[in-house]
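Structural overview
In case you want the letters, here they are:
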Number of protein chains: 4
Amino acid sequence: MLERGRDVQLGMIGLGKMGGNMKLRLEKAGHQVVGYDRNPDVADVGSVAELVAALDAPRAVWVMVPAGEPTTSTVAELAGLLAEGDVVVDGGNSRFTDDAVNAALLAEHGIGYVDAGVSGGVWGLTEGYALMVGGSAADVERLRPVFDALKPEGEFGFVHAGGVGAGHYAKMVHNGIEYAMMQAYAEGYELLEASEYVDNVPEVFKSWRSGTVVRSWLLDLLDRALDDDPELARIKGYVEDSGEGRWTVDEGIRLRVPLPAITESLFARFTSRQEDSPAMKAVAALRNQFGGHAVKPE
Amino acid sequence: MLERGRDVQLGMIGLGKMGGNMKLRLEKAGHQVVGYDRNPDVADVGSVAELVAALDAPRAVWVMVPAGEPTTSTVAELAGLLAEGDVVVDGGNSRFTDDAVNAALLAEHGIGYVDAGVSGGVWGLTEGYALMVGGSAADVERLRPVFDALKPEGEFGFVHAGGVGAGHYAKMVHNGIEYAMMQAYAEGYELLEASEYVDNVPEVFKSWRSGTVVRSWLLDLLDRALDDDPELARIKGYVEDSGEGRWTVDEGIRLRVPLPAITESLFARFTSRQEDSPAMKAVAALRNQFGGHAVKPE
Amino acid sequence: MLERGRDVQLGMIGLGKMGGNMKLRLEKAGHQVVGYDRNPDVADVGSVAELVAALDAPRAVWVMVPAGEPTTSTVAELAGLLAEGDVVVDGGNSRFTDDAVNAALLAEHGIGYVDAGVSGGVWGLTEGYALMVGGSAADVERLRPVFDALKPEGEFGFVHAGGVGAGHYAKMVHNGIEYAMMQAYAEGYELLEASEYVDNVPEVFKSWRSGTVVRSWLLDLLDRALDDDPELARIKGYVEDSGEGRWTVDEGIRLRVPLPAITESLFARFTSRQEDSPAMKAVAALRNQFGGHAVKPE
Amino acid sequence: MLERGRDVQLGMIGLGKMGGNMKLRLEKAGHQVVGYDRNPDVADVGSVAELVAALDAPRAVWVMVPAGEPTTSTVAELAGLLAEGDVVVDGGNSRFTDDAVNAALLAEHGIGYVDAGVSGGVWGLTEGYALMVGGSAADVERLRPVFDALKPEGEFGFVHAGGVGAGHYAKMVHNGIEYAMMQAYAEGYELLEASEYVDNVPEVFKSWRSGTVVRSWLLDLLDRALDDDPELARIKGYVEDSGEGRWTVDEGIRLRVPLPAITESLFARFTSRQEDSPAMKAVAALRNQFGGHAVKPE
C-alpha cells in the first residue's frame, strides 16, 4: 500500500546529489523510501527488480537519473516490473517531449505516470524543492503526500501544471527565465567592474539585497559568491548549459514567440566555451580584404 | 544646525509620488522636513528661497524633481541661495554625467553635493528606499541619519558607491538589470501562454515564489498582477522607458561591454511603442521584390 | 533514355511560380520537360502515373511542390511508380532532415535521390537559378545537364555540397544569412528615416549601389522598391517566414553555434506579426506594480 | 582658382592608405593635388601653411586624417590660414556630431565646410570611392569635379545626403549595416563549418556568388579570403571596431530605433577581444552557488 496513515512508501531510483537529498527529506518527514543506485554504497537494494519487490502494491517509484537514455531505459525496465495501478514519477531534467513516450509505454501496462520538474539544487534538502508536475489528476493526487514532504513550507512551491509533460515544460521555461536573470546580473556586474565611477562593486550588489527592484534569491547567491571571491578571480568565464535553455529557445521557434533575452543568454554561454570563434575569424578576414585591416595571426 | 541630537532637519524640494512619501518616512523617524513643491497644496513653504530661509545652517536640501532641466535649474537656484558648508542631495533619476556638473557649480560656493539613486517605488514608504549614493566621505557621513531613516531595516539597502556620480551610476545599472529581469519573466510568460502543454499559467508563476531559482520580488509582483488580471486582458503591451536603460546601453558601448540581454530588453520596449515598424516594411518590400511574396497593404 | 546527345528528358512535378519557370528555362535550353500539376490548365499529363509513363527509362523526375506533406507524399507515390535506375530530385524548400527519409524510401526500390536547394525567385527564369545539391556523385553527375541549364551563366551558382541533405542544408543557411542581411538594411533604413540629418533616404540607398562595402543584389532590390514607393507607404511591416530561418536557428542550438544576428532577424519577424505582445503586457504590468506607472488600457 | 576649365586644384592633408590613393585617383583624372603629410617622404609641401600658400584662391582643402583630435586640430589650423570663400572637406571617419562644430568654426571666417563619408577601402583607387556628402548646395556644387573624379563610374556612388553632418551620418549607417552583413555571413560560415552535412564550405560560399539572394561584394571578398586560407587557420577571431558601429547604436538609442542585428554584431566584436568574460564568470559563480556545478578554475 502506498499510503499508511499519513506516511507513504516510495521507491527512489538514482541517489546522486538530487535523489539522495530528496530521499533524506522524505525520510525526515516520516515516509519510507527504498533507494536504488548503481553505486552499491548508497543503495538500499541491489537492483531495480529488488526495489520493486521491496515495495507494497500499489507502488510509487520516483526516477531521478540523468535525462535521455538513462531515464528512458529505467522507465522501460519499470514497465516490465511494475503492475497495474502502480505509478512512476520522472523527476529528472527530461525534455517534455520524452514524457508522452514514457507515459504511453507505461500505460500499456496500466501504470500511471507523472513528470515532475524539480528546482532547488543543493539548497532543497533544507529549504524544500519547488515542484512543477504534469499528469492526470488521479495520479498527482495519489502522490500528494510525497510532494507535500518535498516542497517548501507555505502556500507556494508546488503546481500541477497540466497533463503529462506539463511539469517538465514549466520547469524548462523556469530554467529559460533563470538563464536570462543570471545574464542580467552578469551584464550589470561586468559594466560596474568596467566603469571608473564605482569603487566597490561587491558592496553595490550586497546593498541591492533589500529595498530594490532587483532583489532576488539569485542576487543573494551572487552576493555570497562575491563574499568568497570579490573579483571572481578563481573562476573562469566558461558556462555549461544543461538542455533546458536550448529546449526553451526551440519552443520559442516552434511557437513563433520572440525570446531575445533568453536566447542571447544561451548564446553567451555557447560563446563562453569557444577557444576561438569561427564567425569572428570570418569577420576579421573580411575586414582585412576590404580595408587592409591587419588581422591577428592565430 | 543639521543635527539636533539624533534628529535632523532637511529641506525637500519636490513632493510628488516619491518625494512626498520620503518626507513622510523621514518625519515618522522623527526628523524635521521642510517641503517645497510647485503645487502649493502640498508645500510647507512658498518658494525655494523660503525653504532655504526656514532651515538652520549648515543646511541639507534634498532635490527630488524630474531629471534634466528641472533638476539642473533647481541646483542652480540653490547655488545662489545656500551658503558654504551646506549640502545638496540629488535624489532624482538624473544621468550620472549630470552629477559632476552639478557638483562643480555648487563647489564654487563651498556647497557639498551627493547624488543618490533611489529604488523602492510605491513600496518605499513602508518597506524603505534602497539608496546608492556618491560623493565625498564627509558629505555622505553628514547625511547618514537621513539615509538611515529612508533605507530599509537591516544590513542591506544602502551603499556609498564612490565619488560624485557613483550613486546614480549604480542606480542606472540597477535599472538596466531590472529591464532584463522583467524581460526574462515576460518572455517566459509569453511562451507558457502560447504553449498547449500548460493549463494555468498564473498558477505556475505563483508556485515559483518559493523554492525555485527564479524567486524574486519582481516575481511576487507579477503574481500579484496576474491575481488581478489573469490574462493581462486590461493591459496593452506598450512600455515606456525612463532613461536609465538607454544610458546603461550607452555605457556598454562606451566601455566596450557586451550587454545583449539588457539591450534586447530595451529594444523590445522601443518596438512595443511602434504603430508599425519601418524596418519590417523594408523587409516586406525586399521579400516582395525577390520572391514575389505578397505584402500586406498598409 | 535520360540523355539524348546533349539534350535530356525530365519530368517536373509542380508547375507553380518556381516549377513553371524552371520548366521554361529548361525547354529554352533544348531539354524536354514533361510537366504535371494538380492544375490541369498548366499540366502536360493528367497524373503522376502518366508522367512516369511518358518518360523513357532511366527516368529523372524533379519534384517542385511545397515542403512537408506534399513533397513526402509525392516522393512516396514516385517510389511506387519509378523503377531501379531512376532518380528523383527534390527541388522544394524541404527541411534537410526530410531528405534522408525520402532517400531511404527510394533506395528500397533502387531509385536515386538528390536534394536541390534552389535560389533565384522570380528572377531565376532570366538570370538562372543558383543550385545547392546533395546526393551521391553518380546521381549528381547524371543530372548535370539539367543543373547546367538551370544555373546562371559563369563559374558560380552551382555546388555539390555533400551527401543527401547537404543541398537543402546549404540552402537553409543561405536563407538564414539572407534574413540577417535584410534585417541589416532594414535597420539602417529605419535609422536613416528617423534621423533629422539625412534629407532623402532613398537617394542614399541608391548611391550605395556602387563603390560601397554594402553593395549587393538585395541593395539593388531595395533601391527598386524605394523607387516604386519612396516611403514604403503602401506596405505593412508584417513579415512571414518560410521555415529556413527557424531551421537555421534550431541548427545553431543543436550545434551550439551562437547566431545572434540571424536569430534576432527571425524574432523581428515574429514580432511583426503580433497584434499585441503578451511579453510586453507582462512588462507593463510589472512596471505598474512597482512604480505605479500608468498602463495603456487594451 | 579652384576651377581651370574642367580641371581643378585641391589641397589634400593626410596621405596615408586612403588619402594617398585618393590623390592618385584625382591626378589620374587630370586634377592638380597639393599634398601634405606629417611624413615628408610622401608630402609635396612641408606644412599646412605651405599647402595653403601653394593653392590659388578660392581654395579647396580635403582633410583626410584620423577622426577626433587630429581632424579637429587640422580644421582649427585651416581656420587660421584660409580665407573667405575657401572650402574645407572632412573626408575622414569623423563622428557626424563633430561636423557642426567644425563648420561653425570655419563659418566664422567665411570658409565653407563639407563632410564626406568615403567608402571603398583599398579598392577605391581602381574602382572609385563611394561618397556621401553633407553641406550647403553651393559648397557641394563647387566640389563637384572632385567628387566626380573620386566616385565610381556610372550613376551610383555619390549622394548629397543633406546639410552639414549628413555625409558622415549616412556613412555611419552604412558601416552599421556593414557590421550586420559581415556578421550574417560569419554566422552562416560558422554554422556550415560546424555541421556534419556539408563537405566543402568554401565551395558553398563560392557558388553563392551568382544567382542567389545573398550575392554581394562582401561575399566575393569572403570567397577570396577562403581561396587564400580555406579554414581561416591563419586568422584569429579578434575584431576591432572603428567607431561607426558604436555611433550607430548610440543613434538607435537616441532615436528609439531598435537595432538588434547591428547591435549584436557590435557586441560580438567586443566579446571577440576579451581574454575572459567577467559576465560569464558571474554566471559560472551563480551556477556553482545554486547547483553545485563545478567551475573551471582561472
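Residues numbered from 1 in each chain as written. Chains lettered and ligands numbered in written order. Predicted model: local features only at pLDDT ≥ 70, side-chain atom pairs only at ≥ 80, totals over all residues. Heavy atoms only, no water.

Moving on to the overall build of chain A. When helices and strands are counted, chain A shows 13 helices and 8 strands. Along the first, second and third principal axes, the C-alpha set of chain A runs to 75 × 45 × 40 Å. Among the 298 residues that make up chain A, the fraction classed as buried is 63%. Contacts in chain A between residues far apart in sequence, at least 24 positions, make up 64% of those at least 6 positions apart. Accessible area of chain A: about 10,200 Å², with a carbon and sulfur share of 49%. Charge-centre separation for chain A: the mean point of 27 positive side chains lies 1 Å from the mean point of 45 negative side chains. (Helix = DSSP H or I, 4+ residues; strand = E, 2+ residues; numbered from the N terminus. Buried < 20%, exposed > 50% of the residue type's maximum accessible area, 1.4 Å probe, protein only. Contact = heavy atoms within 4.5 Å. Areas by Shrake-Rupley, 256 points an atom, 1.4 Å probe, with all protein chains shown as cover. Lys, Arg positive; Asp, Glu negative; His and termini not counted. Charge placed at Lys NZ, Arg CZ, Asp CG, Glu CD.)

The next thing to look at is the UniProt feature "domain: 6-phosphogluconate dehydrogenase C-terminal" (unreviewed entry) in chain A. Those residues carrying the UniProt feature "domain: 6-phosphogluconate dehydrogenase C-terminal" (unreviewed entry) are residues 167–294 of chain A in this numbering. Helix makes up 67% of residues 167–294 of chain A and strand 0%, whereas the separation of the span's terminal C-alpha atoms amounts to 53 Å. (UniProt positions renumbered as here; feature names shortened; annotations may be inferred.)

Here we take up the relation of the copies chain C and chain B. Least-squares fitting of chain C to chain B yields an RMSD of 0.0 Å, with the transformation described by 0.0 Å of translation along the axis and a rotation of 180°. The transformation relating the two chain copies, once decomposed into turn and shift, fits a two-fold axis. Comparing contact sets, 100% of the residues at the interface of chain C also lie at the interface in chain B, consistent with an isologous, same-surface contact. (Least-squares fit on C-alpha atoms with pLDDT ≥ 70 in both.)

Below, the discussion takes up the interface of chain C and chain D. The interface is formed by 70 residues belonging to chain C together with 70 residues belonging to chain D. Taken over both partners, the interface formed by chain C and chain D buries close to 5,800 Å², and the fraction arising from carbon and sulfur atoms is 71%. Three residues stand out in chain C for area buried against chain D, namely Leu 191, Tyr 197 and Val 213 of chain C, and they jointly supply 12% of the buried area on that side. Where chain C touches chain D, the interface holds 4 salt bridges. A salt bridge links Glu 196 of chain D to Arg 254 of chain C, with the nearest nitrogen and oxygen atoms 3.1 Å apart. Those elements that place two or more of their residues in the side of chain C that touches chain D are strand E7 (130–134), strand E8 (158–162), helix H8 (166–194), helix H9 (201–207), helix H10 (217–228), helix H11 (244–255) and helix H12 (260–272) of chain C. Considering every element that reaches the side of chain C that touches chain D, the biggest residue donor is H8 of chain C, with 18 residues. Of the residues belonging to the side of chain C that touches chain D, the class tally is 36 nonpolar, 20 polar and 14 charged. (Buried area = accessible area lost by both parts, 1.4 Å probe. Salt bridge = Lys/Arg side-chain N within 4 Å of Asp/Glu carboxyl O. Nonpolar A, V, L, I, M, F, W, Y, C, P; charged D, E, K, R; others polar.)

What follows deals with the packing of helix H12 (residues 260–272) of chain B against helix H13 (residues 278–291) of chain C. Running from N to C, H12 of chain B and H13 of chain C cross one another at 100°; their axes reach a closest spacing of 11 Å. On the basis of the axis angle, H12 of chain B is roughly perpendicular to H13 of chain C. Each of Ala 268, Arg 269 and Ser 272 of chain B in H12 of chain B lies in contact with H13 of chain C, whose residues at this interface are Met 280, Val 283 and Arg 287 of chain C. Within the contact of H12 of chain B with H13 of chain C, the residues separate by chemical class into 3 nonpolar, 1 polar and 2 charged. (Axes fitted to C-alpha atoms, helices over the stretch in contact; angles between N-to-C directions. Parallel < 35°, antiparallel > 145°, perpendicular 65-115°, else oblique.)

To continue, consider the relation of the copies chain C and chain D. If you rotate chain C by 180° and push it 0.0 Å along the axis, it lands on chain D with an RMSD of 0.0 Å. When the interface residues of chain C are mapped onto chain D, 100% of them again lie at the interface, so the same face is used by both copies.

Attention now goes to the pattern of salt bridges. Under the definition given, this model contains 56 salt bridges over all chains. The closest approach of N and O atoms between Glu 141 of chain A and Arg 144 of chain A, which form a salt bridge, is 3.1 Å. The exposure class of Glu 141 of chain A is partly exposed, given its relative accessible area of 46%. Note that Asp 86 of chain D and Arg 59 of chain D form a salt bridge whose closest N and O atoms lie 2.7 Å from each other. Of this pair, Asp 86 of chain D sits in the loop between helix H3 (69–81) and strand E5 (87–90) while Arg 59 of chain D sits in the loop between helix H2 (48–54) and strand E4 (60–63), and the two are 27 residues apart along the sequence. Accessibility expressed as a relative area gives 16% for Arg 59 of chain D, which makes it buried.

Turning to the packing of helix H8 (residues 166–194) of chain A against helix H11 (residues 244–255) of chain A, a few remarks are in order. Residue and element names in this part refer to chain A. The contact between H8 and H11 brings their axes to 8 Å, and the two run at 105°. Considered as vectors, H8 and H11 are oriented roughly perpendicular to each other. On H11, the residues that touch Tyr 169, Lys 171, Met 172, Val 173, Asn 175, Gly 176 and Tyr 179 of H8 are Glu 244, Gly 245, Trp 247, Thr 248, Glu 251 and Leu 255. Its residues assigned to classes, the contact of H8 with H11 comprises 6 nonpolar, 4 polar and 3 charged.

The interface of chain C with chain B comprises 54 residues on the first partner and 54 residues on the second. Overall, the association of chain C and chain B removes approximately 4,900 Å² of surface from exposure, summing both partners, and the carbon and sulfur fraction of that is 65%. The tally of links between chain C and chain B comes to 0 salt bridges. Counting the contacts that link chain C with chain B gives 16 residue pairs in polar contact (both at pLDDT 80 or more). Those elements that provide at least two residues to the side of chain C that touches chain B are H8, H10, H12 and H13 of chain C. Of the residues forming the side of chain C that touches chain B, the biggest block, 13 residues, is contributed by H13 of chain C. Class assignment of the residues belonging to the side of chain C that touches chain B gives a composition of 27 nonpolar, 11 polar and 16 charged. (Polar contact = N/O pair within 3.5 Å; in protein donor to acceptor, adjacent residues only side chain to side chain.)

This part takes up the domain arrangement of chain A. All names here are of chain A. Along its sequence, chain A is carved into domain 1 (9–163) and domain 2 (172–276). Averaged C-alpha coordinates put domain 1 and domain 2 at centres separated by 30 Å. Both sides together, the interface formed by domain 1 and domain 2 hides about 750 Å², and carbon and sulfur atoms give 64% of it. On the domain 1 side of the interface with domain 2, the three residues burying the most area are Arg 95, Phe 96 and Trp 123, jointly 65% of the side's total. Put simply, domain 1 and domain 2 have 1 salt bridge between them. Of the charged contacts, one joins Arg 95 and Asp 250 as a salt bridge, the two residues approaching to 3.2 Å between their closest N and O atoms. (Domains from an automatic or database assignment.)

Right, let's talk about unusual backbone geometry for a bit. Note that the residue after Ala 57 of chain A, namely Pro 58 of chain A, is joined by a cis bond; omega there is -10°. Relative to the assigned elements, Pro 58 of chain A resides in the loop between helix H2 (48–54) and strand E4 (60–63). Phi is positive for Arg 256 of chain A, close to 60°, though the residue is something other than glycine. Summarising the element assignment, Arg 256 of chain A is placed in the loop between H11 and helix H12 (260–272). Looking at Arg 256 of chain A, the relative accessible area reads 31%, which means it is partly exposed. Although it is not a glycine, Leu 232 of chain C adopts a positive phi angle of roughly 50°. Classification of Leu 232 of chain C by relative accessible area gives buried; the value is 0%.

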